[in-house]
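Structural characterization, general
Below are the chains, spelled out letter by letter.
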Amino acid sequence: MSRTNRPGADGPRSRVHRLEFTVDWPPGHTAAYLLPGAEPILVDAGMTGERGRNELIDGLEAHGYVPEDIEHLLLTHSHTDHVGQVRTLLEAGDPTVHAPAGVRERFERGLETVEGATRRNLTEAGVGERYLESAVDRLLDAHRSHRDALPLEAVDVWFDGDDPVRVGDREFDPVYTPGHHVAHHCYGTTLGDERVVFAGDMAIEPFRAAAIHVNFDDGVRDGIAAYLDALERMQRYAFDRVYPGHGPVHERYDEVVERSIADLEDRIDQCVDALEDRSKPATVTRIADAQTDSFSERARVMPELVGALECLEREGEVRSWLEDGVRYYESA
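A short tour of the structure in this document, coming up. The model shown is predicted, which means the values in this text are computed figures rather than measured ones.

What counts and what doesn't
- Residues numbered from 1 in each chain as written.
- Predicted model: local features only at pLDDT ≥ 70, side-chain atom pairs only at ≥ 80, totals over all residues.
- Heavy atoms only, no water.
- Helix = DSSP H or I, 4+ residues; strand = E, 2+ residues; numbered from the N terminus.
- Rg over C-alpha atoms; globule rule 2.2 N^0.38 Å.
- Buried < 20%, exposed > 50% of the residue type's maximum accessible area, 1.4 Å probe, protein only.
- Contact = heavy atoms within 4.5 Å.
- Pairing = 2+ DSSP bridges.
- Axes fitted to C-alpha atoms, helices over the stretch in contact; angles between N-to-C directions.
- Parallel < 35°, antiparallel > 145°, perpendicular 65-115°, else oblique.
- Left-handed = near helix turned anticlockwise from the far one by under 90°.
- Nonpolar A, V, L, I, M, F, W, Y, C, P; charged D, E, K, R; others polar.
- Expected span 1.5 Å × (residues − 1).
- Arc of directions from axis to C-beta.

Focus: the overall build of the protein chain
Scanning the protein chain from terminus to terminus reveals ten helices and 14 strands. Against the compact-globule benchmark of 20 Å for 332 residues, the protein chain has a radius of gyration of 21 Å, which places it among compact chains. Principal-axis analysis of the C-alpha atoms gives the protein chain an extent of 70 × 40 × 35 Å. Residue burial in the protein chain is summarised as follows: out of 332 residues, 53% are buried. Long-range contacts, defined here as pairs at least 24 residues apart, represent 68% of the contacts in the protein chain between residues at least 6 apart.

Shown next as C-alpha cells:
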C-alpha cells in the first residue's frame, strides 16, 4: 500500500472521506465516499471521463491514498455518475466489486429488447414521429454508457435482499430503494457511536432525485409506486447521519425522506389537476408540455408523469386506453 499522511480516525466524521466529481447538470457534482481501514472501501466510483479520472486520483491523494489502495468497491446503482471510474480502479488494482443483483438482471437484457420496449413506451406516452427516433437514440445511448462503465464481468459479488453484506472488515445493511433507479440500494452501517447510511441518490438534501427508474424501458409505469414503497421502507430505519451521492452530508434523515414522499404526492396531484383542467383526454406528452419550459426538464418529468398516472389509475381516479399505440388519460 502507498498511503501517506493518513489522517487520524478519532470519531465518526474522520472515518469517512468525501470525494467529489463534477457533473454537467444540477447540482454540479456527485460524491463517492472512502472508508479507511485495513481494507479501504470506496462507496460508488464517481463520474465517467478523463476529468472524473483526475478527480478520483486527486480526491484519493488528498487523503493519502492512490487508486490501487482500494480493496473494495460498493455500488449503490449503475448510473454513470456513480460507476464512472470502475475501470480506472480495476486498471490500477484488484478491488472486490460489490453490486445489487438487479443491475445484472437489467444489463443481461439485449439492447434490441430494450430498444423495442423504449420505442413502444415513448409512443404510448404520445411522443410523435418527429421526435421519436431521437428520443429512442438518446435513451439507448444512456443504456450503453451505463453498461460500458460497469462491465458485468467487473462485479465479483452480486447481492439481493436485505440480509447484511460483509464488505472487507465491515458489515452493511442493504436497503432496497428503487424509483430513482430500479436496482438502487442504500447501505446502513455503524461508525463509532452513529448509525449512518450511504444513500446514493436517496435522502438527498435539499432536493429529490428524479424518478428515472428504468427510463422508458418496460417498467416505466411502476416508477412512482416503487419510489413511494422505497421511501416508506426507509422510514423503518433510523440513521444519525446521511452520506448522499449529491448535496451535503446531513443529519436530517427523517425530514428529507418525508419531504421526498410529499414531493412525489405533489407530482400525483399535479396529474389530477392537469386532467381536470382539460375538456378532452390527455397524453403524457401534452401534460409534460404544459408543465415544463425546456427539453431537459420535459425529459426528466415524463417518466414521473407515466408513473404518477399509473398510481392514479390503480386507485380508480383516472382511466386510460390505447388508441393507435398512444395512451390517453381522463379523470374517472
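Structure shown, so let's carry the discussion forward.
Focus on the sheet that holds strand β2 (residues 29–35)
Strand order in the open sheet formed by six strands is β1-β2-β3-β4-β5-β6, with mixed pairing between adjacent strands. What marks the edges here is a single partner per strand, and that holds for β1 (17–22) and β6 (157–159). Strand-to-strand twist of the sheet, defined as the mean angle between neighbouring strand axes without regard to direction, takes the value 20°. As paired elements, β2 and strand β3 (residues 41–43) share three bridges and run antiparallel to each other. Directly across from L34, in β3, lies its bridge partner L42. Contacting β1, β2 and β3, helix α1 (residues 49–61) crosses the sheet at an angle of about 160° to β1.

Structural notes on the packing of helix α9 (residues 284–291) against helix α10 (residues 295–314)
At a minimum axis separation of 9 Å, α9 and α10 run at an interaxial angle of 130°. Taken together, the axes of α9 and α10 lie oblique to each other. Where α9 crosses over α10, the handedness of that crossing is right-handed. Each of V284, T285, I287, A288, D289 and Q291 in α9 lies in contact with α10, whose residues at this interface are R298, M302, L305, V306 and L309. Each residue belonging to the contact of α9 with α10 can be placed in one class, and the counts come to seven nonpolar, two polar and two charged.

What to know about the sheet that holds strand β10 (residues 194–200)
With mixed pairing, five strands are arranged side by side in an open sheet as β7-β8-β9-β10-β12. One side of each edge strand has no neighbouring strand; the edge strands of this open sheet are β7 (165–167) and β12 (241–244). Sheet twist, expressed as the mean angle between neighbouring strand axes with direction ignored, is 30°. Here five bridges tie strand β9 (residues 185–191) to β10, and the two strands are oriented antiparallel to one another. Each bridged residue has a counterpart across the sheet, and for L191 the counterpart in β10 is E194.

Some points on the pairing of strand β13 (residues 318–323)
Strand residues, when the strand is regular, have side chains that alternate between the two faces of the sheet. Taken together, the six bridges between β13 and strand β14 (residues 326–331) define a ladder with antiparallel strand orientation. From the neighbouring strand, S320 faces β14, where its bridge partner is Y329. As consecutive antiparallel partners, β13 and β14 are separated by two residues, and within that stretch D324 has a phi angle of approximately 55°, a positive value.

Concerning the pairing of strand β5 (residues 96–100)
Of all the five residues making up β5, four are buried; the element is thus mostly covered by neighbouring parts of the structure. In this sheet, β5 lies alongside strand β4 (residues 72–74) in parallel orientation, the contact comprising three bridges. Within the sheet, the bridge partner assigned to H72 lies in β5 and is T96. As defined by bridge partners, β5 adjoins β6 across three bridges and the pair is classed as parallel.

Here's the deal with α1
Helix length check: α1, at 13 residues, gives a terminal C-alpha distance of 18 Å against a target of 18 Å (1.5 Å per residue), a fit within 8%. Listed as buried for α1 are G52, E55, L56, G59 and L60. Buried residues in α1, looked at end-on, bunch into an arc of 125°, giving them a common side. Projecting away from the buried face of α1 at angles above 90 degrees are the exposed residues E50 and E61. On its buried face, α1 sits against β1, β2, β3 and α3 (86–92).

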